[in-house]
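What the coordinates show
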Amino acid sequence: MSGAPDTKVPSDREAAARAADAFTARFGSAPEGVWAAPGRVNVIGEHTDYNGGHVLPVALPHTTRAAAARRDDGRLVLVSAQHPDGDADVAVADLAPGTPGGWAGYPAGVVDQLREHVPGGLSLLVDGDVPAGAGLSSSAALECAVALALRDLFDLDLGPGDLVDVARRAENDFVGAPTGILDQSASVLCTAGHALHLDTRDRSSEQVPLDLEAAGLALLVVDSGTTHDHAASGYGERRRECEEAARRLGVGLLCEVAGVDALAPLDDGTGRGALLLRRARHVVSEDARVEEVVGLLRAGGDPREVGPVLTAGHASLRDDFEVSVPELDTVVEVALAAGAHGARMVGGGFGGSAVALVDAAAVDDVTAAVTERAGAPRSYVVVPAAGARRLS
């Protein structure tokens with residue numbers, strides 16, 4: 001595969017037409033509308049969301065589209081352009097965790113959350129270009145597109161925060177992936193040209209301008225080629241470790257800890273204590289890194305100064321939280337050696353993607369290096385894009 005970045009993202013008009021045409025071909029009539037929600041890449045703030053901390057994601061230009069129409073037979077029929085052999089057809093009344101499974105569990109989980117409003121059922125075709133298994137929240141994009149479609153189709157009184165909660169519960173309770181609210185919040189709330197500074201404890205948010213192009217910079221997302229799965233990875237174990245660390249410290253959430261020095265009581269001379277100290281140290285220091293990056297951006301300084309903070313975040317995820325993998329470490333090392341100002345793994349870990357802050361003029365060189373020397377199969381130049389929206 002060529003080292004050139006993959007930038008082939010359809011316009012909203014093209015994406016809507018493609019999804020609508022596919023729906024019509026499959027169901028024999030046009031959809032009532034097409035909705036889209038983006039994947040996300042987190043500039044900084046990994047594994048802080050379920051600890052009540054701060055995050056700073058941007059929405060990807062890549063989206064998942066949901067073409068939908070109401071039914072009157074009480075059935076949910078799910079079709080995916082990316083999974084042509086994975087159609088699902090189930091009565092809304094029979095929805096339950098595992099029924100249906102696979103990719104269909106994500107949209108089904110959203111319908112399950114709102115089943116009292118969907119008595120007649122739904123026909124749904126999904127299409128998209130958010131890379132699956134790359135740590136870019138393809139599952140949240142799918143959930144949020146469907147949640148938005150249901151809100152509009154059934155005239156539901158759901159604000160942005162409600163949509164986030166519906167989508168998150170679908171992933172947590174129906175699919176069984178114990179995620180926080182970062183992914184769904186980014187997919188719903190992000191705006192073009194900004195990073196979303198979100199306090200996950202009180203849900204307050206701020207749109208922080210992030211015009212990398214004006215600074216001669218680019219955000220390069222590099223897929224390591226190693227897939228990850230929240231439901232099957234060690235993500236849940238890390239969450240439980242954070243909860244145990246908080247209990248031992250006598251706080252409800254690790255975001256309540258004043259600083260790294262306050263974590264000393266965790267080191268009780270046992271191996272378990274030392275492990276919990278490392279996990280908590282990542283969370284507390286990562287929360288501080290989010291605030292540092294937001295402060296740099298607010299002050300209007302050179303965004304290149306963000307680079308070393310990203311790299312420090314990777315070291316913490318690798319050494320203290322232990323969610324990186326050799327493929328991700330190699331991508332980060334190669335990107336830095338090729339001239340990136342900073343780089344780190346993104347997402348839940350155990351595979352997925354890394355992000356590198358690079359000079360725009362160096363994108364081709366860094367991309368070629370991570371492709372040839374790190375074996376990364378795909379890369380994407382990302383600009384902060386819009387959140388969930390109706391396309392037609």
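Throughout this description, residue numbers start from 1 for each chain and increase along the sequence as written. Only residues with pLDDT of 70 or above have their local features reported here, since the model is predicted, and side-chain atom pairs are shown and tallied only from 80 upward, although totals for entire chains, interfaces and linings are computed over all residues. In computing side-chain values, all of the structure's heavy atoms are included and hydrogens and water are not.

Note on definitions: the grid is 1 Å and covers protein atoms alone; a cavity is a set of points where a 1.4 Å probe fits but cannot get out; a pocket is an open set with protein on both sides within 12 Å along at least five of seven lines; lining residues have an atom within 4 Å of a point. Grid points are joined across faces, edges and corners, and a volume is the space filled by probe spheres set on the points. If you walk through the whole model with that rule in mind, you get two cavities of 30 Å³ or more. Quantified by volume, the largest cavity comes out at close to 90 Å³. Forming the walls of the largest cavity are 13 residues, and the residues nearest its centre are Glu46, Asp49, Leu182, Asp183 and Tyr235. All residues other than Ala, Val, Leu, Ile, Met, Phe, Trp, Tyr, Cys, Pro, Asp, Glu, Lys and Arg, Gly among them, are scored as polar; the first ten of these are nonpolar and the last four charged. Considered class by class, the residues forming the lining of the largest cavity number three nonpolar, six polar and four charged. Approximately 80 Å³ is the volume found for the second largest cavity. Along its surface, the second largest cavity is lined by Val43, Leu210, Leu212, Leu219, Leu297, Pro303, Val306, Leu310 and Leu357.

Another aspect to go through is helix α2 (residues 105–113). The buried count for α2 comes to nine of nine residues, which makes it a mostly enclosed element. For each residue, the accessible area found with a 1.4 Å probe, counting protein chains only, is set against the maximum for its type, and the residue is called buried under 20%, exposed over 50%, and partly exposed in between. Helix and strand assignments follow DSSP, with helices taken as H or I runs no shorter than four residues and strands as E runs no shorter than two, numbered in order from the N terminus. Along α2, the positions that sit buried rather than exposed are Gly105, Tyr106, Pro107, Ala108, Gly109, Val110, Val111, Asp112 and Gln113.

What follows concerns the nonpolar core. Here is a general trend for soluble globular proteins: nonpolar side chains tend to be buried in one another's company. If you look at the biggest cluster of nonpolar residues, it comprises 48 residues, and the most contacted ones within it are Leu76, Leu78, Leu95, Val111, Leu122, Leu124 and Leu150. Counting residues per element, this core draws most heavily on helix α3 (residues 138–153), which supplies nine residues. Nonpolar cores are built from buried Ala, Val, Leu, Ile, Met, Phe, Trp, Tyr and Cys residues. Side-chain atoms within 4.5 Å join them into one set.

In this section: the pattern of salt bridges. Throughout this description, the term salt bridge denotes a Lys or Arg side-chain nitrogen within 4 Å of a carboxyl oxygen of Asp or Glu. Across all of its chains, the model carries 30 salt bridges by this definition. The shortest N-O distance in the salt bridge between arginine 151 and aspartate 152 comes to 3.1 Å. With a shortest N-O distance of 3.8 Å, glutamate 243 and arginine 239 are connected by a salt bridge. Of the two residues, glutamate 243 and arginine 239 are both situated in helix α6 (residues 235–249); the distance of four residues between them amounts to about one turn of the helix. Counted as one network, the salt bridges with shared partners bring together Glu237, Arg238, Glu241, Arg278, Arg279 and Glu322.

Before going further, it helps to spend a moment on the packing of α2 against α3. At a minimum axis separation of 9 Å, α2 and α3 run at an interaxial angle of 35°. Here α2 runs over α3; the crossing is right-handed. Here Tyr106, Pro107, Val110 and Val111 of α2 come into contact with α3, specifically with Ser139, Leu142, Glu143, Val146, Ala147 and Leu150. Class assignment of the residues belonging to the contact of α2 with α3 gives a composition of eight nonpolar, one polar and one charged. Angles shown run from 0 to 180 degrees and are taken between the N-to-C directions of axes, each axis being a line fitted to C-alpha atoms and, for helices, limited to the stretch in contact. When the near helix sits turned anticlockwise from the far one by under a right angle, the crossing is termed left-handed; a clockwise turn instead gives a right-handed crossing. Here, two residues are considered to be in contact whenever any of their heavy atoms come within 4.5 Å of each other.

Side-chain alternation along strand β9 (residues 342–345) places Gly342 and Arg344 on one buried face and Ala343 and Met345 on a second face that is also buried. Strands pair, by our definition, only if DSSP identifies at least two bridges between them. Examined bridge by bridge, β9 and strand β10 (residues 352–359) share four bridges and lie antiparallel to one another. Across the sheet, alanine 343 pairs through a bridge with alanine 356, a residue of β10. In this antiparallel pair of consecutive strands, β9 and β10, the connection spans six residues, and glycine 347 shows a positive phi of 90°.

Summarising the element assignment, aspartate 329 is placed in helix α9 (residues 326–337). Of the residues examined, aspartate 329 reaches a relative accessible area of 15% and is grouped as buried. The spacing of aspartate 329 and alanine 354 is 25 residues in sequence and 8.8 Å in space, taken between C-alpha atoms.

This part covers the confidence of the model for the protein chain. The quantity called pLDDT is the predictor's confidence in a given residue, expressed from 0 to 100. Averaged over all residues, the pLDDT of the protein chain equals 94, while 97% of them reach at least 70. Confidence over residues 1–6 falls short of pLDDT 50; this stretch has 17 contacts with residues more than four positions distant or in other chains.

A pair of Phe, Tyr and Trp rings is counted when the ring centres sit within 6.5 Å of each other, with Trp represented by its six-membered ring. The angle between the planes then sorts it: under 30 degrees is stacked, over 60 is edge-to-face, the rest tilted. This model, assessed by the stated rule, comprises two aromatic pairs. A centroid spacing of 4.5 Å and a plane angle of 40° characterise the contact between phenylalanine 23 and phenylalanine 27, whose relative ring orientation is tilted. Taken together, the residues phenylalanine 23 and phenylalanine 27, both in helix α1 (residues 12–27) and four residues apart, mark about one turn of the helix. Positioned above the aromatic ring of phenylalanine 27, the side-chain terminus of arginine 26 is 5.1 Å from the ring centre. Charge-over-ring contacts are defined here by two conditions on Lys NZ or Arg CZ: a distance within 6 Å of the ring centre and an angle within 35 degrees of the ring normal.

Time to look at the packing of α3 against helix α5 (residues 182–189). Relative to each other, α3 and α5 sit at 55°, their axes nearing to 9 Å. The orientation of α3 with respect to α5, classified from their angle, is oblique. For the pair α3 and α5, the crossing hand works out as right-handed. In this structure, α3 contributes Ala140, Ala141, Glu143 and Cys144 to the contact, and α5 contributes Asp183, Gln184, Ser187 and Val188. Relative orientations are named as follows: roughly parallel for angles under 35 degrees, roughly antiparallel for angles over 145 degrees, roughly perpendicular for angles from 65 to 115 degrees, and oblique for any other angle.

Cis rather than trans, the peptide bond between threonine 99 and proline 100 has omega equal to 0°. With respect to the element layout, proline 100 can be found in the loop between β4 (88–91) and α2. With a phi angle near 70°, arginine 203 is a residue other than glycine that sits in the positive phi range. Turning to its location among the elements, arginine 203 is positioned in the loop between β6 (194–199) and β7 (205–209).

It is worth spelling out the sheet that holds strand β8 (residues 217–226) at this point. The sheet built from four strands is open, its strands ordered β9-β10-β8-β11 with antiparallel pairing. Edge positions in the sheet fall to β9 and β11 (378–382), since each has one partner strand and no second. Each strand of the sheet is rotated relative to its neighbour by a mean of 20°, with strand direction disregarded. The pairing of β8 with β11 spans five bridges and is antiparallel.

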